[in-house]
Amino acid sequence: MSVEATSAVPEEKTDNLLALLLAMAMFVLVVDTSFMNVSISAVVHDLDTTASGVQSAIALEALVSAAFILIGSKVGDLIGRKRAYVIGLLAYAAGALSMTLAQSLVPIIIFWAIIGGLGASMLLPAMQSLIHGNFQGPAQRRAYALVGAAAAIAAAVGPLVGGFITTYLSWRVAFLGEVLVIAIVLSGIGRVHDVPYTGERRVDVVGAVLSALGMGGVVLGILVWQEGGELVGLLIAIGIAALATLVWWLRRRKQQGKPALIDPGLFASKYFRLGISSQTLQQIALGGLMIALPIYLQMVLEYNALEAGLSLAPLSLSMFAIALLAGRKAGNRSPSKIIFAGFALLTIGIVVLIPIVPRAHSGWALVAPLIIAGCGLGLLVSQLNNYTLSPIEEERVSEAAGVNSAGGSFGLSFGLAFAGAIMLSSLSLLFTHYANESTVLSPAEQDQVSAGLEKNAEVLSNTHLEQLLEGQPEDVKAEILRINTKARPKSLQIALLIPLLAAAVGLWQGFRMTRLPDPEPSSAAEGVLGG
C-alpha cells in the first residue's frame, strides 16, 4: 500500500467512490465513542473492571485527540497528508482491535485511548486537506457535505447500533466492525492524491509541548482525582501554568517573526473568540451528559446496552434532525440568535432533567428533556462552525479549524472527566453521610463503609452490590442497598450540574453574540469538518 505523493488531482475530476470512502472513515471516527458509552456495563462485567475506569478511558481518548490535534496537523504537513491519513486510520484500527481482543482495561487505555486518540489527531486534519485537494468546485462541496452527513448520522444512530450489537452479539463485535470498515477504506487508498504542503516547515516544539502539557495536565489531574490518586493539585496547576505559558510563548514567537504552533492573531477576532469558547462549552455540556446518562441508565436502572441506546436516542436523533433542518432552513436568520436559542434550549432541557433523575423508574421519563436538550445541541451544531470561522481569511481557515477542533475535543474530554469525578466524589460523600445517619449499621460498619469509599468510590448496580454483600447479615445488606439506591441518583444529579453550568455560560456567550453584527457567511468555513 503506497502512500507516496502523486500529482494534484485534475480540476474537473469527480471521484464519488473516494468521497464515500472518506465519509466511511469519518463515520467510524464519530461512532466509536457512542459504542463505548452504551457498552459501559457490558465492558465492566466482561473485563471485571469499574465504571469509573471505563469512563476514564473514554475521557482520555478525547483528551489525547485534543492535546495532539494541532501537532498532528503539523506532522501531516511534514510527512505528507496522505501518509498521515493512513497512519491515523491504522492507529484507529489498532484501538478498535484492542477493544475486540482485550481481557483487561490496560490494553484499552494504551491502544484505544492513547494510540487511537493519536490516530484521530492525525486523521482529522489530514482528511480536511485531502478533501480540499482531491475535489474542486461543486464536487468539493458535495464531498464535504457527504463527510459531514456521515458524522451527523454516526452521532445519531451510534447509540442505537452499538446498543443493538452489544445486546444481541457483543460489544467486541461492534468494534470489530470498525476494523473491517477501516480495512475497506484503506483498500481504496490508491484513489487518494496527496496534497503537497508549501508552507513553513520548521516546527514549534516548545509550543507543541506546552499545548499537550496544558490540556493534558488539567484533564489528567481530574482523572487522577476521580481514581483517588495523589498529586491532583500539582497536575492541574502544571496544566494551567502550561496554558498560560503557551499564550505568552505564542505572542513572543509572533513578535520575533518565528513560526508558532498557532498564530495568536487568530484570536484578534471577537467572533473567533466567542465562537471557539462557545464550541468548547457546547462540548463540555455534551461530554457531561454522555457520561452521566449512560451510567445512570446502566448502573441505576440496570438497562442493557440496547435499552440504554434507545433511551439516549431522543437526544441524538433530535440533535441530528434539528441540525439538518436548521442548516437548510436558516436562510437569512441571524446565526447568533440561533446559537442563543440553542443554548437556551440546552439549558432548559438539563434544568428539567435534573429533578427527574432521582424519581425516574424508566427511560421514558427522560424523553421530553432529552428532546429539548437535543434540539438545542442541533441548533448549535448547525451554526457554531461557520460563526467561528467566518471572519478568518481562506488561507488561514484550515489552521483556525484545527484550533476549533482542539477546543471542542478538549471541552468534550473535560466534560467527561469532570462530570465523572464530581459524580464519584459526591457519591462518596452521600454514601458516607447516609451510612453515618443509619440506625441499622453499627459504628464499626459505618467506619468500614467510609474507609472503603475513600479508597474506591464506584457506581454499582444493586444487583452487583448484592453479590458483593453475600454473607453479610440480611439487615446490613438491606440497609446498604437502601443507601445505594438513595445515593446513586443524587450523585448523578449533582454530576449534571457540570453540563448545566456549561450551558448557562454558553447562554451568556450567546447573548453577547447577539449584541454584535452577524459575520458574513464564509464559503471556506462551510467546507471545514467540524470538531
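Residues numbered from 1 in each chain as written. Predicted model: local features only at pLDDT ≥ 70, side-chain atom pairs only at ≥ 80, totals over all residues. Heavy atoms only, no water.

A. Structural context of the nonpolar core. Counting 89 residues, the largest nonpolar core has Met36, Ile40, Ile108, Trp112, Tyr296 and Leu346 as its most contacted members. Those residues in contact with Met36 that lie beyond four places of it in its chain are Val43, Val54, Ile58, Met99, Ile108, Trp112 and Phe175. (Core = buried A, V, L, I, M, F, W, Y, C linked by side-chain atoms within 4.5 Å. Buried < 20%, exposed > 50% of the residue type's maximum accessible area, 1.4 Å probe, protein only. Contact = heavy atoms within 4.5 Å.)

B. The arrangement of the pattern of salt bridges in detail. For the coordinates displayed, the defined rule picks out four salt bridges. In this structure, the salt-bridge partner of Arg81 is Asp77, at a minimum N-O distance of 2.9 Å. Both residues of the pair, Arg81 and Asp77, count as buried. (Salt bridge = Lys/Arg side-chain N within 4 Å of Asp/Glu carboxyl O.)

C. Up close: the confidence of the model for the chain. Per-residue confidence for the chain gives a mean pLDDT of 85, with 91% of residues at or over 70. The least confident element of the chain is helix H19 (residues 523-526), whose mean pLDDT is 55; the most confident is helix H18 (residues 497-514), at 96. A low-confidence stretch, residues 1-10 (pLDDT under 50), is modelled with 22 contacts involving residues beyond four sequence positions or located in other chains. (pLDDT = per-residue confidence, 0-100. Helix = DSSP H or I, 4+ residues; strand = E, 2+ residues; numbered from the N terminus.)

D. Spatial organisation of the packing of helix H11 (residues 305-329) against helix H13 (residues 367-389). As a packed pair, H11 and H13 sit with axes 7 Å apart at the nearest point and diverge in direction by 35°. Classified by chirality, the crossing of H13 by H11 is right-handed. Side by side, H11 and H13 meet where Ser311, Pro314, Leu315, Ser318, Met319, Ile322, Ala323, Ala326 and Gly327 of the first sit next to Val367, Leu370, Ile371, Ala373, Gly374, Cys375, Leu377, Gly378, Leu379, Val381, Ser382 and Gln383 of the second. Looking at the contact of H11 with H13, its residues break down into 14 nonpolar, seven polar and no charged. (Axes fitted to C-alpha atoms, helices over the stretch in contact; angles between N-to-C directions. Left-handed = near helix turned anticlockwise from the far one by under 90°. Nonpolar A, V, L, I, M, F, W, Y, C, P; charged D, E, K, R; others polar.)

E. Representation of the packing of aromatic side chains in the model. Going through the model one piece at a time under the given rule, you end up with seven aromatic pairs. An angle of 50° between the planes, with centres 6.4 Å apart, marks the rings of Trp248 and Trp249 as tilted. Plain terms: the ring middles of Phe410 and Phe414 are 6.1 Å apart, the flat faces sit at 40° to each other, and that makes the pair tilted. Placement of the pair is Phe410 and Phe414 together in helix H14 (residues 397-437), with a separation of four residues, close to one helical turn. The class of Phe410 is buried, set by a relative accessible area of 17%. Through successive ring pairs, a cluster of aromatic residues spans Phe410, Phe414 and Phe418. We note Arg512 situated over the ring of Trp508; from NZ or CZ to the ring centre the distance is 4.9 Å. (Phe/Tyr/Trp six-rings, centres within 6.5 Å; stacked < 30°, edge-to-face > 60°. Lys NZ or Arg CZ within 6 Å of the ring centre and 35° of its normal.)

F. Looking closely at helix H10 (residues 270-300). Here H10 is 31 residues long and its end C-alpha atoms lie 44 Å apart, about the 45 Å a rise of 1.5 Å per residue gives. Burial within H10 is extensive, with 28 of its 31 residues counted as buried. The N-cap residue of H10 is Ser269: its side-chain oxygen and the backbone nitrogen of Tyr271 are 3.3 Å apart. With its phi angle positive at about 60°, Glu302 sits one or two positions after the end of H10. (Expected span 1.5 Å × (residues − 1). Polar contact = N/O pair within 3.5 Å; in protein donor to acceptor, adjacent residues only side chain to side chain.)

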